[in-house]
Amino acid sequence: MKKRIFFGCLFIVFFMELAVLVLLAYPKAEKSQDTVAVNEIVKTVQNDWKSLQKRQNKHINPTNLEYVVLGLDGTVLYRTKAGLSESIHAAISHKDTILDIKIQGLAAGKILIYNNDAIAFRSEKQIAVFAVIATMILQCGICAVYYLYIRHVIIQPFDQMKDFAKRVAGGNFDIPLKMDRENLFGAFTESFDLMRSELKKAKIAEASANAGKKELVAKLSHDIKTPVASIKAASEVGVAIAADEKSKENYQQIIQKADQINTLVTNLFSATLEELHELAVTPSELNSQEVYDLLINADYLHRANIPSVPACLLYADRLRLQQVFDNIFANSYKYANTNINVTIDIVDAYLTVSMEDYGGGICASELPLLKEKFKRGSNTENIEGAGLGLYIADYCMKKMKGRMDVTNGSTGLKVTIWIALCNTI
């Protein structure tokens, strides 16, 4: 309805402009003089002819026309105002009306009635120009009003939907989309808001399901530790009472496998807790000499040369640092199964602990993937593992203001732990 009104107004204004242009392009034909007024002028001049010849100025113009009275010799006997044609030649050039004055049937003089068509045309032209300007202003006003209407009912709703789409893409499902049901796009925007509501419900359901799965994995991981600990304890008793070396070796193998299961379950449990924001890392002051003990504890096969540690204060969580070393040594023994070369140094504001095996390393393109969750190298296809050890170690080091680098060394895979010094935090 509003669109029809707008276009109707535009058509009216257009035809108004067209009519004015036609009037300007095709002016009216020259107007003929008022015959009655002309006759009245002639009659009055004839009656007052004698006084006009004597210049007695008794003649009065009986009409609103302007004219000049000439004698036979061209002398001006009377004029209604100055500036009129005062000769036959000038009257012809100006297209004035020229009439004879006859007294007793004889020509006595001439009347030159002024032609005012030019003034009238000029006045009509001015009116037409003002009319064109007025219609153009009206047309611009109508267009401006319609633009504001279009902006209100189309452009602004689309801008709101654009901002709304950005919020939804960013995961913000809480802010509803403002809508005007009477708007042209009212139903459209309502559909978008319904989509937001459904996406929010789906996101909540997904988060709840994922949280449930993670909690289940965390509980199972924790519950598995109890029977594994029992198996290990029984095996240790078996080692103590074994009568021969073969039986001791079997019990030792059971203990090693139990330790491997315990490490895998610990990693899985830690990863689940980290996703649930429950993996606590609480760094504090730690004497560097404790790092030596942590390395000895992590080297469960006793195949690493562990040097002395420079004296300094570290910013670390002892429990998580032990877990970091445990994971690195377990990975090295599991995948490379070689001796481990350990080097310790102070570099800038960090204590660096580098652990390098003799397994030849891995493909350089796979190195960045090793610190990601569930990522393993191509050389681990036939070896059990979850791909969580280095991921958890990297996570813990970041929480302790340090870092972990994984590179290919001269003999094999090299993992360097950077432990922040306490006086730099």
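Procedures and definitions
- Residues numbered from 1 in each chain as written.
- Predicted model: local features only at pLDDT ≥ 70, side-chain atom pairs only at ≥ 80, totals over all residues.
- Heavy atoms only, no water.
- Helix = DSSP H or I, 4+ residues; strand = E, 2+ residues; numbered from the N terminus.
- Buried < 20%, exposed > 50% of the residue type's maximum accessible area, 1.4 Å probe, protein only.
- Contact = heavy atoms within 4.5 Å.
- Areas by Shrake-Rupley, 256 points an atom, 1.4 Å probe, with all protein chains shown as cover.
- Disulfide = S-S within 2.5 Å.

**Looking at the overall build of the protein**
Alright, step 1. Tallying secondary structure elements over the protein gives ten helices and eleven strands in all.
Alright, step 2. Per-residue burial for the protein yields a buried fraction of 34% across its 425 residues.
Alright, step 3. Across the protein, the fraction of contacts at a sequence separation of at least 24, relative to all contacts at a separation of at least 6, is 61%.
Alright, step 4. Here the protein has roughly 25800 Å² of accessible surface; of this, 58% comes from carbon and sulfur atoms.

**Some details on the state of the cysteines**
Alright, step 1. As enumerated under the stated definition, the model contains zero disulfides in all.
Alright, step 2. Free of any disulfide, Cys-312 has its nearest neighbouring cysteine sulfur in Cys-422, separated by 9.8 Å.
Alright, step 3. Cys-312 sits in the buried class, given a relative accessible area of 17%.
Alright, step 4. With a relative accessible area of 16%, Cys-422 lands in the buried category.

**Quick look at unusual backbone geometry**
Alright, step 1. Not every positive phi belongs to a glycine, and Gln-104 is a case in point at roughly 55°.
Alright, step 2. Within the secondary structure layout, Gln-104 lies in the loop between β3 (97–103) and β4 (106–113).
Alright, step 3. One non-glycine residue, His-302, adopts positive backbone phi at about 55°.
Alright, step 4. Structurally, the position occupied by His-302 is in the loop between α8 (289–298) and β6 (304–305).
Alright, step 5. His-302 sits in the exposed class, given a relative accessible area of 64%.

**Observations regarding helix α10 (residues 389–399)**
Alright, step 1. Counting buried residues in α10 gives nine out of eleven residues, a clear majority hidden from the surface.
Alright, step 2. Every buried residue of α10 is accounted for by Gly-389, Leu-390, Tyr-391, Ile-392, Ala-393, Asp-394, Tyr-395, Cys-396 and Met-397.
Alright, step 3. Two residues or fewer past α10, Lys-401 is found with a positive phi of approximately 65°.

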